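Below, each chain spelled out in residue letters.
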Amino acid sequence: MTSPDPRPLTPATRCVALGRPPHEPGAPVNPPIVLSSTFVHGGDHVYGRDSTPTWEPFEAAVGDLEGGRALTFASGMAAAAAVLSLVPHGGVVVAPPSVYMGVLTLLREAAEAGGIVLREVDLTDAAAVEGALPGADLAWFESPSNPLMTVCDLPRLLAAARAAGVTSVVDSTFATPILARPLADGADIVLHSATKYLSGHSDLLLGVLVTPDDPRGADLHERLHHHRHLHGAVAGPFETWLALRGLRTLALRVERAGASAATLAARLEAHPAIERVRYPGRGAMLAVEVAGGAEAAERVCESTRLWTHSTSLGGVESQLERRRRYDSEPDVVPDALVRLSVGIEDVDDLWVDLEQALGAA
Ligand SMILES: *Cc1c(COP(=O)(O)O)cnc(C)c1O
C-alpha cells in the first residue's frame, strides 16, 4: 500500500488498505487463506504453530493501527495467558478489582495457587496505583473497563509503570485502535480480544498482542512469540482471514455504533426505569443499572426482540446481558447492571425495542 500524498493515511483508510497483496496485474485483491500445517524447507515458514502466511496480513494491519508489532492468538484469553507468562514465579501483578471477568479469574486463581502475588488497586485512584507499582513485575490496565465502563488516566498510569520499571499491558478491547493508541501513551503491550470489535461479526474467537517497535518491544515480542509457539494457543488461518475481512469496516462500525450509543445513553438517562447510566462519552459500549434490582434487570434482558440476549460484544448486532448472572463476576459489579453492546442497526429501532423491554420490567 502506498500513500497518494505525503500525509499519513488515516486509520479509517488503513483499516481498508493494509494487509493486501501488492497492486500487480492479475494479483488477488485479498490475501489468500493458506491451509497448510507445514512448509517446504528453506523458506520463510517452517511449521504452522510458529508462523503461517495467513496471520501476516492481519498482524501487519493491526500492528500498524496500534503503532507496533502484532501477534495473533487463538483467543483474547490465550493472549492474556501469554502476557501473564511474562511474570516470574512469585512475581507481583498490579490489577484493578474489576476487569474482564476471565482475566480477573486468571489472575486470582494464579494468586491463590501461589504463582503470583496480586495487588488489587482502583485504577481511578492514580496515587494508589503509583503506590502499588514499586517492586511489581506487571501492571494490568483496562480502559474503559468491562463491565463497569471505568476510564482511567492511562498516560499518567503508564508513565508511572515505566518509571517503576514495571511491564504494562492495556486491554484495549472496548476502545479499539480507532479511539485509543495505548502504545503512544507509553504501554508496553496492547491486548485485544479480536473476537469483539476488530472482527466485528460475532463469528470467531481471536486475540492479539501488540508491542512497540523498539528494543524493549522487540524483547517482549520474542518472549510472547516463544510462549505462543510452545503453548500452542495459535489462531486458525480461517479465523484470522475472517478477522481481517471484518477489520475493513472497523472505523465505520465504531463511528456508527458509537453515535447510536451516545444517543441511547442520553435517552436512557431520562428513563424512569434506569437508576444509572455508565457511558464514557465515546465508544459503543455502555452499562445501565435498572431500577428494581437483578430480577427487573433480567426481565429487561429477556424482553428485547431486536437486541440479542447473549454474552460477548463488539458485533454488528446489538447485545445485552446482566453481568452478575455469572458467579465469577465480582460483587463490585452492581447486581442490576446490564451491559449493552450497541450494534449498527437503526438507532430508533434499537430504542423502541429497549423502551418496550424497560416497560415490561
Ligand atoms: C472478551 C474479552 C476478553 C477475552 O477474549 P476472548 O476472545 O473471549 O478470549 C478479554 N478482555 C476483554 C475486555 C473482553 O471483552
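Residues numbered from 1 in each chain as written. Predicted model: local features only at pLDDT ≥ 70, side-chain atom pairs only at ≥ 80, totals over all residues. Heavy atoms only, no water.

1. What about helix α3 (residues 76–84)?
Counting buried residues along α3, seven of its nine residues qualify, which places the element largely inside the surrounding structure. Along α3, the positions that sit buried rather than exposed are G76, A78, A79, A80, A82, V83 and L84. (Buried < 20%, exposed > 50% of the residue type's maximum accessible area, 1.4 Å probe, protein only. Helix = DSSP H or I, 4+ residues; strand = E, 2+ residues; numbered from the N terminus.)

2. Things to note about the site of the ligand
Within the structure, the ligand sits among 14 residues, and M77, D171, S193, T195 and K196 are positioned closest to it. Take N146: an N or O atom from its side chain is 3.2 Å from an oxygen atom of the ligand. In this structure, a nitrogen atom belonging to the ligand sits 2.6 Å away from a side-chain N or O atom of D171. Summarising the interface, the protein chains cover 93% of the accessible area of the ligand, which totals 380 Å² for the free molecule. For the shell around the ligand, a count of residues per class yields five nonpolar, six polar and three charged. (Near = heavy atom within 4 Å. Polar contact = N/O pair within 3.5 Å; in protein donor to acceptor, adjacent residues only side chain to side chain. Areas by Shrake-Rupley, 256 points an atom, 1.4 Å probe, with all protein chains shown as cover. Nonpolar A, V, L, I, M, F, W, Y, C, P; charged D, E, K, R; others polar.)

3. A word on the side chain of R278
Structurally, the position occupied by R278 is in strand β8 (residues 274–278). Among the polar contacts made by the side chain of R278, one reaches the side chain of E289 at a distance of 2.8 Å. The residues contacting R278, other than those within four sequence positions of it, are L148, M149, L286, A287, E289, P334 and L337. (Contact = heavy atoms within 4.5 Å.)

4. Notes on the packing of aromatic side chains
Here the structure, examined in full by the defined rule, presents zero aromatic pairs. In this structure, K196 packs its charged tip against the face of Y100, placed 5.3 Å from the ring centre. Sitting over the face of the ring of F73, R228 holds its NZ or CZ atom 5.9 Å from the ring centroid. (Phe/Tyr/Trp six-rings, centres within 6.5 Å; stacked < 30°, edge-to-face > 60°. Lys NZ or Arg CZ within 6 Å of the ring centre and 35° of its normal.)

5. Observations regarding the nonpolar core
In summary, soluble globular proteins display a tendency toward joint burial of nonpolar side chains. Ranked by internal contacts, the top residues of the largest apolar core, which has 80 residues, are F141, L268, L286 and V288. In terms of residue count, helix α10 (residues 250–269) provides more of this core than any other element does, seven residues in total. No fewer than three residues from each of domain 1 (11–247) and domain 2 (250–359) sit in this core. Beyond its immediate sequence surroundings of up to four residues, L286 is in contact with M149, A261, A265, L268, V277, R278, Y279, V338, R339, L340 and V342. Formed by 26 residues, the second largest nonpolar core is a distinct cluster that contains A79, A82, A110 and I116. (Core = buried A, V, L, I, M, F, W, Y, C linked by side-chain atoms within 4.5 Å. Domains from an automatic or database assignment.)

6. Quick notes on unusual backbone geometry
At the junction of S143 and P144, the peptide bond is cis and its omega measures out at -10° in the coordinates. Structurally, P144 is set in the loop between β4 (138–142) and α6 (154–163). The omega angle of the peptide bond from N146 to P147 is 5°, so this bond is cis rather than trans. Mapped onto the fold, P147 is located in the loop between β4 and α6.

7. A look at the sheet that holds strand β9 (residues 285–290)
The mixed open sheet is built from five strands, whose spatial order is β8-β9-β12-β11-β10. Where the open sheet ends on each side, the last strands, each with one partner, are β8 and β10 (308–309). Against the sheet, helix α11 (residues 293–303) contacts β9, β10, β11 (319–322) and β12 (337–341), and its axis sits at roughly 155° relative to β11. (Pairing = 2+ DSSP bridges. Axes fitted to C-alpha atoms, helices over the stretch in contact; angles between N-to-C directions.)

8. Looking at the packing of helix α2 (residues 55–66) against helix α9 (residues 237–247)
At a minimum axis separation of 8 Å, α2 and α9 run at an interaxial angle of 40°. Relative to α9, the element α2 is oriented oblique. Like other packed secondary-structure pairs, α2 and α9 cross with a definite hand, here left-handed. Judged by residue contacts, W55, P57, F58, A61, V62 and L65 of α2 engage T240, A243, L244 and L247 from α9. Here the residues of the contact of α2 with α9 are counted per class, giving nine nonpolar, one polar and no charged. (Parallel < 35°, antiparallel > 145°, perpendicular 65-115°, else oblique. Left-handed = near helix turned anticlockwise from the far one by under 90°.)

9. Quick word on the domain arrangement of the chain
Looking at the chain, the domain boundaries give domain 1 (11–247) and domain 2 (250–359). Centre-to-centre separation of domain 1 and domain 2, based on C-alpha positions: 26 Å. Taken residue by residue, the interface counts 28 residues in domain 1 and 30 residues in domain 2. Between domain 1 and domain 2, roughly 2400 Å² of surface is buried when both sides are summed, and carbon and sulfur atoms account for 67% of that area. If you look at where domain 1 meets domain 2, you find zero salt bridges. At the surface where domain 1 touches domain 2, the tally comes to nine residue pairs in polar contact (both at pLDDT 80 or more). Looking at the side of domain 1 that touches domain 2 residue by residue, the class counts come to 17 nonpolar, nine polar and two charged. (Buried area = accessible area lost by both parts, 1.4 Å probe. Salt bridge = Lys/Arg side-chain N within 4 Å of Asp/Glu carboxyl O.)

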